[in-house]
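If you want the building blocks of each chain, they are given just below.
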Amino acid sequence: MEDPTVHVVTTLSTRPHAPEAFAGAMRELVQAGRELPGNRRFEAYQGTTDPREFVVIEVWDSEEAADAHLSADHTEQAFVAIGPLLEQPSAIVRHVRIA
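Keep in mind the model is a prediction, meaning the values are calculated, not measured.

Novice: Sorry if this is basic, but what is going on with the pairing of strand β2 (residues 39-46) here?
Specialist: Regular strands show a simple pattern: their side chains alternate between the two faces of the sheet. Sheet topology note: the β2/strand β3 (residues 53-60) ladder contains seven bridges and is antiparallel. What sits directly across from Tyr-45, in β3, is Val-55. The turn joining β2 and β3, which pair antiparallel and follow one another in sequence, is formed by six residues.

Novice: When you look at the packing of helix α1 (residues 19-34) against helix α3 (residues 73-82) in this model, what are you seeing that I'm missing?
Specialist: Helix-helix packing is described using two parameters, namely the angle between the two axes and the distance between the axes. For the pair α1 and α3, interaxial distance at closest approach is 10 Å and the crossing angle is 170°. Compared by their axis directions, α1 and α3 come out roughly antiparallel. Along the contact surface, α1 presents Phe-22, Ala-25, Met-26, Leu-29, Ala-32 and Gly-33, while α3 presents His-74, Thr-75, Ala-78 and Ile-82. In terms of residue class, the contact of α1 with α3 is made up of seven nonpolar, three polar and no charged.

Here is what the cut-offs are and how they apply
- Counting restarts for each chain, with residues numbered from 1 along the sequence as it is written.
- Local features in this predicted model are restricted to residues of pLDDT 70 or higher, and side-chain atom pairs are both shown and tallied only at a pLDDT of 80 or more, whereas totals for entire chains, interfaces and linings draw on every residue.
- By convention in this description, side-chain values take in all heavy atoms of the structure and omit both hydrogens and water.
- For two strands to count as paired, DSSP must find a minimum of two bridges between them.
- Helix and strand definitions here come from DSSP, where helices need a minimum of 4 consecutive H or I residues and strands a minimum of 2 consecutive E residues; each element is numbered from the N-terminal end.
- Axis lines are fitted through C-alpha atoms, for helices just across the contact stretch, and the angle between N-to-C directions can take any value from 0 to 180 degrees.
- Angular relationships are summarised with four words: roughly parallel below 35 degrees, roughly antiparallel beyond 145, roughly perpendicular across 65 to 115, and oblique for the angles in between.
- The contact definition used throughout considers only heavy atoms, calling two residues in contact when any of these lie within 4.5 Å.
- Note on residue classes: Ala, Val, Leu, Ile, Met, Phe, Trp, Tyr, Cys and Pro are nonpolar, Asp, Glu, Lys and Arg are charged, and everything else, Gly too, is polar.

Next up, the structure:
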């Protein structure tokens, strides 16, 4: 039987002035995401050599749970808040376990 768990890895790069504001917005998004049904893991990391680089790792019970997070009000509000802080569009990639 296939594992329906979805692993999402997002990489983001902020504008030079924005890492601190971005980190604050991400803390709020992560906390709200952790409370959603189907969330198993939701963590954000900041680069140690370049503080403008961030990685978000999420684990969801299913594609539907991951989709629900993306369409949630708090996610849409976070995207509006962080959009101007980004140097370039984020790269959101969904993965399934293969081994």
